[in-house]
Amino acid sequence: MNITYYGHSCFAVEIGNKTLLFDPFISGNPLAAAIDPQSLKADYILVSHGHGDHLADAAAIAKRTGATIIASYEIAQWLGRQGAPKNHGINHGGGGQFDFGRVKFVNAIHSSSLPDGSYGGNPGGFVVESGAGNFYYSGDTALTYDMKLVGESVRLTFAVLCIGGNYTMDVDDAIRAAKFVACNDIVGVHYDSFPPIVIDHGKAMEKFRAAGLRLHLLKIGASHKF
Ligand code: NI
Ligand code: MN
């Protein structure tokens, strides 16, 4: 599986010839100014919750690519009203079977109002299982014991965890989350984009290393193969 980082919590994972794009927020992110959201490929767009810093570019990319939105029922319906042509709504504990594999929607502790104030359902994370391997994306969340269910159920190749603090887990909580989901390769997201979530990269790398984990802080636009 190849992962490419587009800044904040936006990344794409290629599984076979399918591209899964997560939480597209590019045009509003000055750090991602070099990325043109309308150049991104997507067969599926997975949205963890309703906040603008996770779905600002979702409808436009879905319209252009014809990608299927995978999100909570409420967000899938809302993005449909914004013009996303194909939507697959899911909810916690459930999930869907797709041509690349299976997606399960799992708990996150956060909030999920949509940009116009609409109700976005509850926020979540995703567990993706495929023939090429499995991974977990936490979405925006606090550390929660529910993450242990992921570690007990699925052997993960990598996990994408929020690490910036203030609105979500910080580095120390993300290290505990990595232990809960039983995964040593962590891709950090949700840091540096806004003043309250700026982190010290060197310190974060060192803390993960000291815990026996590998933290990957990908440059915006860079890819890593797992
Ligand atoms: Ni959020
Ligand atoms: Mn966020």
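Draft legend 1. Representation of the environment of Thr65 in the model. Assignment of secondary structure puts Thr65 in helix α2 (residues 58-65). The sequence separation of Thr65 and Asp99 amounts to 34 residues, and the corresponding C-alpha distance is 17 Å. Setting aside anything within four residues of it in sequence, one finds Thr65 in contact with Leu40 and Ala42. Looking at Thr65, its side chain comes within polar contact range of the main-chain oxygen of Ile61, at 2.7 Å. For Thr65, the side chain forms a polar contact with the main-chain nitrogen of Ala67, separated by 3.1 Å.

Draft legend 2. Representation of the side chain of Ser193 within the structure. Assignment of secondary structure puts Ser193 in the loop between β12 (185-189) and α6 (201-210). When its relative accessible area of 13% is taken as the criterion, Ser193 is described as buried. Within the structure, Ser193 has its side chain in polar contact with the side chain of His8 (distance 2.6 Å).

Draft legend 3. Structural detail: α2. Among all positions of α2, only Ala58, Ala59, Ile61 and Ala62 are buried. Taken end-on, α2 shows its buried residues confined to a sector of 165 degrees, consistent with a single buried face. The elements touched by buried residues of α2 are β3 (18-22), β4 (44-46), α1 (52-55), β5 (68-72) and α3 (73-81). Gly66 sits one or two residues past α2 and shows a positive phi near 75 degrees.

Draft legend 4. Here's a closer look at the coordination of the manganese ion (ligand 2). Here the manganese ion (ligand 2) is held by Asp53 (OD), His54 (NE2), Asp140 (OD) and His190 (NE2), and the distances to it run 2.1 to 2.2 Å. Positions of the donor residues of the manganese ion (ligand 2) along the chain correspond to the pattern D-H-x85-D-x49-H. In this structure, the manganese ion (ligand 2) is positioned 3.0 Å from the nickel ion (ligand 1), and both are ligated by Asp140. Pair noted here: Asp53 is in helix α1 and His190 is in the loop between β12 and α6, with a separation of 137 residues, a long-range link. The class for Asp53 is buried, based on a relative accessible area of 14%. For His190, a relative accessible area of 1% corresponds to the buried category.

Definitions and cut-offs
- Here the residue numbers are simple positions, counted from 1 along each chain's written sequence.
- Note on labels: chains are lettered from A, ligands numbered from 1, in written order.
- Local features in a predicted model are, by the rule used here, given only for residues with pLDDT of at least 70; side-chain atom pairs are given and counted only at 80 or more, and totals for whole chains, interfaces and linings are based on all residues.
- To obtain the side-chain values, all non-hydrogen atoms of the structure were included, while hydrogens and water were left out.
- The numbering of helices and of strands both runs from the N terminus, where a helix is a DSSP run of H or I of at least 4 residues and a strand a run of E of at least 2.
- Here, two residues are considered to be in contact whenever any of their heavy atoms come within 4.5 Å of each other.
- Here a polar contact means two N or O atoms within 3.5 Å. Within protein one must be a hydrogen donor candidate and the other an acceptor candidate, and residues neighboring in sequence count only if both atoms are side-chain atoms.
- Per-residue accessibility, obtained with a 1.4 Å probe over protein chains only, is compared with the maximum for each type, and a residue is labelled buried under 20%, exposed over 50%, and partly exposed between these values.
- To obtain the arc, one takes the directions from the helix axis to the C-beta atoms.
- Donor criterion used throughout: N, O or S atom within 2.8 Å of the metal, extended to 3.2 Å for Na, K and Ca. Water excluded; incomplete-looking sites may result.

Purely geometric stuff here, so don't read any function into it on its own.
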